[in-house]
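Chains, contacts and geometry: an overview
Given next are the chains, with one letter for each unit.
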Amino acid sequence: MVVPVILLVLLLLLLIVSYGVYRFVLYAPLGQQNDPFHLPNGPQYLPKYDEMYRLTKELVDLPCERVYITSQDGLQLAGDWHAGEPGHPVHICCHGYRGMGVRDFCGGAQTLLGRGDTVLLIHQRGQGDSQGHTMTFGIREREDVRLWAEYCAKRCPDTPLFLHGISMGAATVLMTSALPLPAAVKGILADCPYDVPKDIITLTAKKSAGPLAGLLWPFLCVGAFLFARGLRFDHVCCHEAVKHTPVPILIIHGEDDRFVPAYMSEPMAAANPARVTRFTFPDAGHGMSYLMDTPRYQRITRDFIESCLK
């Protein structure tokens, strides 16, 4: 009788700990993450806080159309369509982990709109006004982006499309490069992407859990499989995705990124040097390259877009 009881207790502990780790890492709660003005305020961000607030408010105040698609697993996904001039490119912008497009692309979106282009700020699954509660570090989001690309190709026939992403959104668009995309997709721009989901999850966990982080990974795998409908981490990474893509890719990374270190984007550049171009920005923190050197960032992205349109 003792052995079955012990096994039952161990099973319950496994489920409880796995669910707790799942909630901590993958669950997307409501609250501050959906407040466009909940801006990062760490030491790398404070010097630029007022500028981030101004640019975010400027983007929030712009008129846009709320659009929707349905994901492969039945979730209603939302996006904000900022219409540009007919025939100009459409840019699909994917925000980061527990982020929002109006925060993560403040400034960058205005630059694209200033070209007369259309900008679609999507709400990643489980975030903003999109349905769902689980973020998957690009694994399922990549299929969502493919569907958004198909939506844009149908809505704007014969119009060039570009995929943009920052942080988790950057990894997402790089993973998307391995999928069958509409021919209209002419380029992919990824700002501060990680390569392998496990690596960024465990690196981040070490900052909060210390040496226990390695012990938590098996529980996350169990929790992801049980509570995120069979989610697995072992079959997707960015460098394999970009290896054979025909789509030109631009990667930008801040050299002082303390969340997704710059070395994490090196494997993607090495995997397909004929298609992938990578630039780093000295002293720039996570997602801060645009604000640290706006003229250079705008020049690099403009030149890349124009080269893809030739």
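Residues numbered from 1 in each chain as written. Predicted model: local features only at pLDDT ≥ 70, side-chain atom pairs only at ≥ 80, totals over all residues. Heavy atoms only, no water.

**Concerning the packing of aromatic side chains**
Here a ring pair, both rings aromatic, is described through the centre-centre distance and the interplanar angle of the planes. Just so we agree on the cut-off: Here a Phe, Tyr or Trp ring, Trp counted by its six-membered ring, pairs with any other such ring whose centre lies within 6.5 Å, and the pair is stacked when the planes are under 30 degrees apart, edge-to-face when over 60, and tilted otherwise. Think of it in three bands: with a 1.4 Å probe and only protein chains considered, a residue is buried below 20% of the maximum accessible area for its type, exposed above 50%, and partly exposed in between. Counting as a charge over the ring demands two things of the Lys NZ or Arg CZ atom: a distance within 6 Å of the ring centre and an angle within 35 degrees of the ring normal.
In total, this model carries 12 aromatic pairs according to the counting rule given. With 5.4 Å between their ring centres and 80 degrees between their planes, Tyr-290 and Tyr-297 make a pair best called edge-to-face. For Tyr-290, a relative accessible area of 12% puts it in the buried group. Taken together through their ring pairs, the aromatic side chains of Tyr-19, Tyr-22, Tyr-27 and Phe-227 make up a single cluster. Over the aromatic face of Tyr-27 sits the side chain of Arg-23, whose NZ or CZ is 3.8 Å from the ring centroid. Lying over the aromatic face of Trp-81, Arg-155 brings its terminal NZ or CZ to 4.1 Å of the ring centre.

**Topic: helix α7 (residues 197-209)**
Given 3.6 residues per turn, any residue in an α-helix points the same way as the ones three and four places further on. To keep things clear, this is the line we draw: Here a helix means four or more residues in a row that DSSP labels H or I, a strand means two or more in a row labelled E, and each is numbered from the N terminus. Here the expected length of a helix is defined as 1.5 Å per residue gap, with one fewer gap than residues. Residue contacts are counted whenever heavy atoms from the two residues lie within 4.5 Å of one another.
Spanning 13 residues, α7 covers 18 Å between terminal C-alpha atoms, matching the ideal 18 Å at 1.5 Å per step. Those residues of α7 not exposed but buried are Pro-197, Ile-200, Ile-201, Thr-202 and Ala-205. Elements in contact with the buried residues of α7: α1 (2-25), α6 (168-176) and α8 (213-227). Positive backbone phi, at 60 degrees, marks Gly-210, one or two positions downstream of α7.

**What to know about the pattern of salt bridges**
Here the idea is simple: oppositely charged side chains can pair when their charged atoms come close. Using the following cut-off: By definition, a salt bridge exists where a carboxyl oxygen of Asp or Glu is found within 4 Å of a side-chain nitrogen of Lys or Arg.
Throughout the structure, instances matching the rule amount to 16 salt bridges. Linking Glu-143 and Arg-146 is a salt bridge whose minimum nitrogen-to-oxygen distance equals 2.9 Å. Here the residue Glu-143 and the residue Arg-146 both occupy positions in helix α5 (residues 141-155), the gap between them amounting to three residues, near one helical turn. Each of Asp-73, Arg-125, Asp-144 and Arg-229 takes part in a single network of salt bridges with overlapping partners.

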